[in-house]
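Fold and geometry: a report
Spelled out from the first residue to the last, the chains are:
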Amino acid sequence: MAAKKHRIRISKDECKGCRRCIPACPKKLISVGKEINIQGYLAVVAENPFDCIGCGSCFHQCPEPGAITIFEIEE
Amino acid sequence: MSTEKVKFGRSKVFFDPFERRPGPIKTNMHYCPGCGHGILHKLIAEAIEYYGIQENTVFIAPVGCAVFAYYYFNCGSISVPHGRAPAVGTGASRATPEKYVISYQGDGDLAAIGFNEFIQAANRGERMSVFFVNNSNYGMTGGQMAPTTLPNQVTMTSPYGRNVETDGYPVKVCELVNALEAPVYIERVALTGTANIIKARKAVFKAIENLRDRKGFSLVEALSPCPVNLKMTAEQVNEFIDTKMTKYFPLGMLRDRSAETPAGKVPEAPVRDPEDVKQLLFTAKEGSGEGPATVNNSEIFNEERRIRVSGFGGQGILSLGHTLADMARLRHFNVSWMPSYGPEQRGGSASCAVILSRKAIPSPLVDSCDLLIAMTRAALDKFGYQLKDDGILIYDTSAMEKPAVKPGQKVFGLDALAIANRIGNAKCANSAVLGALAAILGKFALTPEDAADYRKVFTEAITESFRKKPQVVEQNIAAFNAGCDEMSSQLV
Ligand SMILES: Cc1ncc(C[n+]2csc(CCOP(=O)(O)OP(=O)(O)O)c2C)c(N)n1
Ligand code: SF4
């Protein structure tokens, strides 16, 4: 059975830039972005969203309900 | 074609969007960046969703940063005064036993102002789960010292660090609760690294599972990051918790009796049908001969009437006022009755404020009155100034000389105690005063027909007031009639 694929989505405008997710990601996918969002925070980004392994660590670190969403991709 | 399904995402237990939150941002919570409240909210929401109890959950939001939790959780919510969540939770869980009650509290809320409510609820094993956010300070008010602040920790109100000699040691809430018999589950977790958050998630799930199974009292204490008030980055605050806080507040489960505790049955809810409640509180009048639609059209109570009844404890002052209020209720007026008394059961001063009106009563406070009943000299000295310029004063002649009043005021004296003694029960003096009042109303304010009705409704109210002691009803009605007759003879 092929390993499941995942995708991480970071909603830029929902991020408050606390950066709790950055050390949490075992694949080091998350980094500080360059853009200030509508709330005035420097949001984080995931440059390679499909490298996500779907562990959910960043999701549980994030204090916001919907800033991070992890999808499971079904072929 | 590939399809995507959400593996980790916004819980359905959260409103989406947060319509209740004022301002333009409806997607986010109001907490500071990196705050543990959000992390814990998400875990609780996930667990509520997992155990399928959203419909019947009552989330009690504290005073503190989480005061607006009801913006976020789409379930029953109650916002309570500072520290009172477990007390209100007790009420919610007992009055609506089918509900699942969550008490969510900060360390100032739970361990300082509300500690008694909390520890008593834990000791009684109330059916609720308490989530306790220990962030080592008062967050909402700007980072003051909390009961949980560490020794030497600098806060707004401990600028040189918490001095254990003057401020005591941090309060270990879980350990204190663990000394009690009733609680079912107690665990301390930390909202820091992933491993700790996974443990926290397990603990939150356990507490919500116990809630679903109605097993009693569960407590999860979460050591929680407050980066803003601790003036730290996300990483620094995690380290502070992991190295400093956990040294004083060790993580782990202190108790899990979930397995041995049988799932609770839903106890039968107390009667809540409003009609039944009315029946319980106000039993049907007997012998009035009138239907509930009886309305007295006399105009005196078209305007709000404010009454102060005063004397000393044990004279039946409160019950006199209450009978007046009952009288008005029986004639379908709006009424309020507000007692105030000293700490003594007998003696000391007692007074009550009664308002009768055909209109809505905006406030039960009385600071100026149309009628003052003073059964002692001290009571008159205390409340005499409240009598309006055209007000009526009734006083007990055995307690004082006829007091001087302003020109527009009317004053009537009655030896209520002598009447009551003649009837053989000194406690009936208050009913004699009511009789005098009925006579005064009849003479000055009512048509003869209305006056007859008021006499009747007063006796109905006395019957109602003493319905639990039928033997004294008769004596009180006799005192009422005697008071009425005596006052009528003075008035001719
Ligand atoms: C009766 C009363 N006293 C004081 C306050 C002021 N007050 C508001 S929040 C708060 C402290 C809350 O601290 P905590 O429970 O630790 O929660 P946090 O804000 O840290 O989440 C205080 C003292 C109040 N609202 N009501
Ligand atoms: S003050 Fe502290 S506890 Fe309150 S929202 Fe901010 S980080 Fe959270």
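Each chain carries its own residue numbering, running from 1 in the direction its sequence is written. Chains and ligands are labelled by the order in which they are written, letters from A for the one and numbers from 1 for the other. This being a predicted model, a pLDDT of at least 70 is required before a residue's local features are given, and a value of 80 or more before pairs of side-chain atoms are given or counted; all residues contribute to the totals for chains, interfaces and linings. Only heavy atoms go into the side-chain values, all of them from the structure, while hydrogens and water stay out.

Below, the discussion takes up the site of ligand 1. All names here are of chain B. By nearness alone, 16 residues border ligand 1, and His37, Asp107, Gly108, Asp109 and Gly139 come closest of all. Between asparagine 137 and ligand 1, the recorded distance is 3.2 Å, taken from a backbone N or O atom to an oxygen atom. Note that accessible areas follow from Shrake-Rupley with a 1.4 Å probe, and for residues the cover is restricted to the protein chains shown. Coverage of ligand 1 by the protein amounts to 72% of the 590 Å² it exposes when considered alone. Numbering of helices and strands runs from the N terminus; a helix is a DSSP stretch of H or I covering at least four residues, while a strand is a stretch of E covering at least two. Only α3 (107-113) and β6 (137-138) provide two or more residues apiece to the shell around ligand 1. Nearness here has a simple test: a residue counts as near a molecule or strand if at least one of its heavy atoms is within 4 Å of that partner. Whenever two N or O atoms come within 3.5 Å, that pair is a polar contact, provided that in protein one can donate a hydrogen and the other can accept it, and provided that, for residues adjacent in sequence, both atoms are side-chain atoms.

Here, the term disulfide refers to a pair of cysteine sulfur atoms separated by no more than 2.5 Å. In this structure the tally under the stated criterion is zero disulfides over all chains. Here A:Cys18 is not cross-linked by a disulfide; its sulfur's nearest cysteine counterpart is in A:Cys62, at 6.3 Å. With no disulfide of its own, B:Cys75 lies 19 Å from the sulfur of B:Cys35, the closest cysteine sulfur. Under the scheme applied here, a residue whose accessible area is under 20% of the maximum for its type counts as buried, over 50% as exposed, and between as partly exposed, the area being computed with a 1.4 Å probe on protein chains only. According to the relative accessible area criterion, B:Cys75 is buried, its value standing at 14%.

Residue and element names in this part refer to chain B. Here asparagine 134 shows up in strand β5 (residues 128-134). Overall, asparagine 134 belongs to the buried group, its relative accessible area being 0%. Any two residues having at least one pair of non-hydrogen atoms within 4.5 Å are treated as being in contact. Those residues within four positions of asparagine 134 in sequence are excluded, and the remaining contacts are Asp107, Thr148, Glu221, Ala222, Leu223, Ser224, Met245 and Phe249. Of the polar contacts made by the side chain of asparagine 134, one reaches the backbone nitrogen of serine 136; its length is 3.1 Å.

Our next topic: the packing of helix α11 (residues 317-330) of chain B against helix α15 (residues 448-465) of chain B. Residues and elements named next belong to chain B. Between α11 and α15, whose axes approach to 8 Å, the crossing angle comes to 120°. The hand of the α11/α15 crossing is right-handed. Residues Thr323, Leu324, Asp326, Met327, Arg329 and Leu330 of α11 pack against Tyr454, Val457, Phe458, Glu460, Ala461, Ile462, Glu464 and Ser465 of α15. Residues of the contact of α11 with α15, tallied by class, amount to eight nonpolar, two polar and four charged. Angular values range over 0 to 180 degrees, each being the angle between N-to-C directions of two axes fitted as lines to C-alpha atoms, with helices fitted over their stretch in contact. Here a crossing is called left-handed whenever its near helix is offset anticlockwise from the far helix by less than a right angle, and right-handed whenever the offset is clockwise. When residues are sorted by character, Ala, Val, Leu, Ile, Met, Phe, Trp, Tyr, Cys and Pro go into the nonpolar class, Asp, Glu, Lys and Arg into the charged class, and all the rest, Gly among them, into the polar class.

Taken together, the contacts link 32 residues of chain A with 36 residues of chain B. Summed over both partners, the accessible area lost on bringing two parts together, with a 1.4 Å probe, is the buried area. Across the interface of chain A and chain B, roughly 2,900 Å² is buried in total on both sides, 53% from carbon and sulfur atoms. Of all residues in chain A, A:Arg20, A:His60 and A:Pro65 bury the most surface against chain B, accounting for 25% of the area lost on that side. Basic side-chain nitrogens of Lys or Arg form a salt bridge, by our definition, when they fall within 4 Å of a carboxyl oxygen of Asp or Glu. Here chain A is connected to chain B by three salt bridges. Ionic pairing is found between B:Lys5 and A:Glu74, a salt bridge with its closest N-O pair at 3.4 Å. Our count for the contact surface shared by chain A and chain B stands at 21 residue pairs in polar contact (both at pLDDT 80 or more). Sorting the residues of the side of chain A that touches chain B by element identifies β1 (5-10), α1 (21-24), α2 (57-61) and β4 (68-74) of chain A as the ones contributing at least two each. No other element matches the seven residues that β4(A) contributes to the side of chain A that touches chain B. Taken together, the residues of the side of chain A that touches chain B sort by class into 14 nonpolar, nine polar and nine charged.

All names here are of chain B. In short, DSSP must find at least two bridges between two strands for them to pair. Reading across the sheet, the seven strands line up as β3-β2-β4-β5-β9-β8-β10 and stay open at both edges, with mixed pairing between neighbours. One side of each edge strand has no neighbouring strand; the edge strands of this open sheet are β3 (76-79) and β10 (252-256). Averaged over all neighbouring strand pairs, the angle between strand axes comes to 15°, with direction disregarded. Where β5 meets strand β9 (residues 217-223), seven bridges bridge the pair, whose relative direction is parallel. Counted as the bridge partner of phenylalanine 132 is glutamate 221 from β9. Sitting on the sheet, helix α2 (residues 85-95) touches β2 (57-61), β3, β4 (100-106) and β5, and the angle it makes with β4 is about 175°.

For the rest of this paragraph, the subject is the confidence of the model for chain B. All names here are of chain B. When pLDDT is averaged along chain B, the result is 91; 93% of the residues meet or exceed 70. Note that residues 284-292 has pLDDT below 50 and, in this model, 11 contacts with residues that lie over four places away or in other chains. In the model output, the complex is listed with pTM 0.71 alongside ipTM 0.97. Here pLDDT means the predictor's own confidence in every residue, given as a number from 0 to 100.

In space, the three strands of this open sheet follow the order β1(A)-β4(A)-β1(B), with antiparallel pairing throughout. With one partner strand each, in any of the chains shown, β1 of chain A together with β1 (3-8) of chain B form the two edges of the open sheet. When the angles between neighbouring strand axes are averaged without regard to direction, this sheet yields 35°. By the bridge criterion, six bridges tie β1(A) to β4(A) in an arrangement that is antiparallel. Each bridged residue has a counterpart across the sheet, and for A:Lys5 the counterpart in β4(A) is A:Ile73.

At 3.6 residues per turn, the α-helix brings residues three or four places apart onto the same side. Residues and elements named next belong to chain B. In this model α11 runs 20 Å from its N-terminal to its C-terminal C-alpha over 14 residues, within 8% of the 20 Å that 1.5 Å per residue would give. With 10 of 14 residues buried, α11 is to be regarded as a mostly interior element. Of the positions making up α11, those classed as buried are Ile317, Leu320, Gly321, Thr323, Leu324, Ala325, Asp326, Met327, Ala328 and Leu330. By this rule the span expected of a helix is its residue count minus one, scaled by 1.5 Å.

Before going further, it helps to examine the site of ligand 2. Neighbouring ligand 2 are B:Tyr31, B:Cys32, B:Cys35, B:His37, B:Cys65, B:Asn135, B:Gly139, B:Cys226, B:Pro227 and B:Asn229. Along the lines of polarity and charge, the residues of the shell around ligand 2 split into six nonpolar, four polar and no charged.

On to the packing of aromatic side chains. To describe a pair of aromatic rings, one takes the distance between the centres and the angle between the planes. All names here are of chain B. Pairing of aromatic side chains here covers Phe, Tyr and the six-membered ring of Trp, requires ring centres within 6.5 Å, and sorts the geometry by plane angle: under 30 degrees stacked, over 60 edge-to-face, intermediate tilted. Under the criterion given, the structure shown has 19 aromatic pairs over all chains. Between phenylalanine 68 and tyrosine 70 the ring centres are 6.2 Å apart and the planes differ by 80°, which places this aromatic pair in the edge-to-face class. Exposure remark for phenylalanine 68: the relative accessible area of 28% places this residue in the partly exposed category. Tyrosine 70 sits in the partly exposed class, given a relative accessible area of 24%. Each ring, one from tyrosine 70 and one from tyrosine 71, has its centre 5.4 Å from the other, and the planes form 80°; the classification is edge-to-face. Ring pairs connect the aromatic residues Phe14, Phe18, Tyr31, Phe59, Phe68, Tyr70, Tyr71, Tyr72, Phe73 and Tyr104, which therefore count as one cluster. Sitting over a ring, as applied to charges here, requires NZ of Lys or CZ of Arg to be within 6 Å of the ring centre and within 35 degrees of the ring normal. One Lys or Arg, lysine 172, reaches over the ring of tyrosine 248 and ends 4.5 Å from the middle of that ring. Its end group placed over the ring of phenylalanine 205, arginine 201 keeps NZ or CZ at 4.8 Å from the ring centre.

Under the defined criterion, the tally for this structure stands at 26 salt bridges over all chains. Overlapping salt bridges bring together A:Lys4, A:Glu72, A:Glu74 and B:Lys5 as one network.

Quick look at the packing of helix α13 (residues 416-423) of chain B against helix α14 (residues 429-444) of chain B now. All names here are of chain B. Closest axis-to-axis distance for the α13/α14 pair is 8 Å, and the angle between their directions is 120°. Taken together, α13 and α14 sit at an angle that is classed as oblique. Classified by chirality, the crossing of α14 by α13 is right-handed. Counting all contacts with α13, which are made through Ala416, Leu417, Ile419 and Ala420, the residues of α14 involved are Ala429, Ala432 and Val433. Each residue belonging to the contact of α13 with α14 can be placed in one class, and the counts come to seven nonpolar, no polar and no charged. Angle categories: roughly parallel below 35 degrees, roughly antiparallel above 145, roughly perpendicular from 65 to 115, and oblique for all the rest.

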